[in-house]
Amino acid sequence: MHPEIMLAHGAGGQLTRQLVDDIFLKYFNNEALKPLADAAVLDFPGCRLAFTTDSFVVRPLFFPGGDIGKLAVCGTVNDLAVSGARPLFLTVSFIIEVGMPLNLLEQIARSLGESCRDAGVKVAAGDTKVVEKGHGDLVFINTAGIGIIPEELDLGQHRITPGDVIIINGPVGNHGLAVLLERENLGLETGVSSDCAPLNGIIAKILREVPNVKMMRDLTRGGLATAVKEIALGAGVDIWLEEASIPVDDAVRGAVEILGLDPLYMANEGKFIIFAAPEEAPRVLKIMANEPLGVRTAIIGRVAEGKGNVLLKTMLGGTKVLDLLAGDPLPRIC
Ligand code: MG
């Protein structure tokens, strides 16, 4: 263990996992927290709730395709949605630095409100704290959210079995690249925007038609590769991904090659994967491809017997082993 916190402890990869395992779970683990899923699933008499929280420290506050306010809604709504829940209420906490221009704060609040309306959720409680100049970075936002999970729904890695197919709703890497290019003056003109969007609409349609899908996960920090690796480890299976099938926009592919980044490890804010039995995949694909947030839907891989390996069949015909994200190539992208 490193004796001090580094940016990579917040990257959602190996070091985040170590921090959670070695420090946080050591002191406050329990049955609800233990699965470390996108949202906790809480059983109450007569209903099942999904409950989640997320903090947003993105820099800069505004970027092509979004801002910290939109992100704070989508991030939490999407964690509820991939847990099978209908998102209902959020809490919003602002930690604001002295000197934050009020007009910027208002722009962020407006965007946050619009995103709530888009996603069909309401802010039910909030908090405002102010810290001295130099003790924050204009504004940080925390959101928590609750939603109701339909009684009959059973989603989770326990349902994944060899033969299942993995479907994604569109190209990866756009969010991470859009934020990076807005922050650093790299002289690259790509026109790439963040994919930041609430996924509860498209997910509700899938669950209505094909409630027997097995598991979903949104592809935020750590990207597609880290999410798939975590699922492979948790489910005790191997997962094969097909590089040629994974959608990546040409502009993203070109830029990441120059920058030495891997789109499979880059954050997204409007992408998710879904595991389904092969006989149900065609129906899932059809529903997704008819949705604005799923026009580039593709089958990207398959589950096989194994022990938690993720193997990428590369475009050149080789095989590459994918692990959890190491280090933090793109800090503070959400
Ligand atoms: Mg998530």
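Look a little higher up for the structure.
Structure report, in brief. Since the model is a prediction, treat every value here as computed from it, not as a measurement. Here the residue numbers are simple positions, counted from 1 along each chain's written sequence. Selection of residues for local features in this predicted model requires a pLDDT of at least 70, selection of side-chain atom pairs for listing and counting requires 80 or more, and totals for whole chains, interfaces and linings are taken over all residues. With hydrogens and water stripped out, all remaining heavy atoms of the structure feed into the side-chain values.

## A few points about the packing of helix H2 (residues 68-81) against helix H3 (residues 102-119)
The criterion, for reference: Axes here refer to lines fitted to C-alpha atoms; in helices the fit is confined to the stretch in contact. Angles between the N-to-C directions go from 0 to 180 degrees. By the criteria applied, helices consist of DSSP H or I runs no shorter than four residues and strands consist of E runs no shorter than two, each listed in order from the N terminus. Geometric relationships in this document are graded by angle, where less than 35 degrees denotes roughly parallel, more than 145 denotes roughly antiparallel, 65 to 115 denotes roughly perpendicular, and other angles denote oblique. In this scheme, a crossing is called left-handed if the near helix is turned counterclockwise away from the far one by less than a right angle; it is called right-handed if the turn is clockwise. The criterion used for residue contact is that any of the two residues' heavy atoms lie within 4.5 Å.
One way to put it is that H2 packs onto H3 with a least axis distance of 7 Å and a crossing angle of 30 degrees. Comparing their axes, H3 and H2 come out roughly parallel. H3 is crossed by H2, and the crossing has right-handed handedness. Facing Ile 68, Gly 69, Lys 70, Ala 72, Val 73 and Val 77 of H2, the residues of H3 in contact are Ile 108, Ser 111, Leu 112, Ser 115, Cys 116 and Ala 119.

## Examining the packing of helix H5 (residues 200-209) against helix H8 (residues 281-289)
Just so we agree on the cut-off: All residues other than Ala, Val, Leu, Ile, Met, Phe, Trp, Tyr, Cys, Pro, Asp, Glu, Lys and Arg, Gly among them, are scored as polar; the first ten of these are nonpolar and the last four charged.
Two numbers describe how H5 lies on H8: the axes approach to 10 Å, and their chain directions differ by 145 degrees. For the pair H5 and H8, the sense of crossing is right-handed. Residue-level contacts link Ile 202, Lys 205, Ile 206 and Glu 209 of H5 to Arg 283, Val 284, Ile 287 and Met 288 of H8. Counted by class, the contact of H5 with H8 contains five nonpolar, no polar and three charged residues.

## Description of the coordination of the magnesium ion
Note the following rule: A donor here means any N, O or S atom no more than 2.8 Å from the metal (3.2 Å for Na, K and Ca); water is not included, so a site may seem to lack partners. Each residue is placed in one exposure class: buried if its accessible area under a 1.4 Å probe, protein chains only, is under 20% of its type's maximum, exposed if it is over 50%, and partly exposed if it falls in between.
Protein ligation of the magnesium ion involves Asp 38 (OD), Asp 79 (OD) and Asp 218 (OD), the donor distances falling in the range 2.0 to 2.1 Å. Each donor residue of the magnesium ion lies on the same chain, and together they follow the pattern D-x40-D-x138-D. Residue Asp 38 is located in the loop between helix H1 (14-28) and strand E1 (40-44), and its partner Asp 218 is located in strand E9 (residues 215-218); the two are separated by 180 residues in the primary sequence. A single burial state applies to Asp 38 and to Asp 218, both of which are buried.

## So, the side chain of Asp 164
Note the threshold: Throughout this description, a polar contact denotes any pair of N or O atoms lying within 3.5 Å of each other; where both atoms belong to protein, one of them has to be capable of donating a hydrogen while the other can accept it, and for residues adjacent in sequence the pair is counted only when both atoms sit in side chains.
Relative to the assigned elements, Asp 164 resides in the loop between strand E7 (139-149) and strand E8 (165-168). Polar contacts involving the side chain of Asp 164 include one to the side chain of Lys 214, which spans 3.0 Å. With sequence-adjacent residues up to four places away left out, Asp 164 is seen in contact with Arg 159, Lys 214, Ala 276, Ala 277, Pro 278, Gly 301, Arg 302 and Val 303.

## Details of unusual backbone geometry
Between Arg 59 and the following residue, Pro 60, the backbone shows a cis peptide bond with an omega angle of 0 degrees. Relative to the assigned elements, Pro 60 resides in the loop between strand E2 (47-56) and strand E3 (62-63). Not every positive phi belongs to a glycine, and Leu 138 is a case in point at roughly 70 degrees. On the basis of relative accessibility, which here comes to 27%, the residue Leu 138 falls in the partly exposed class.

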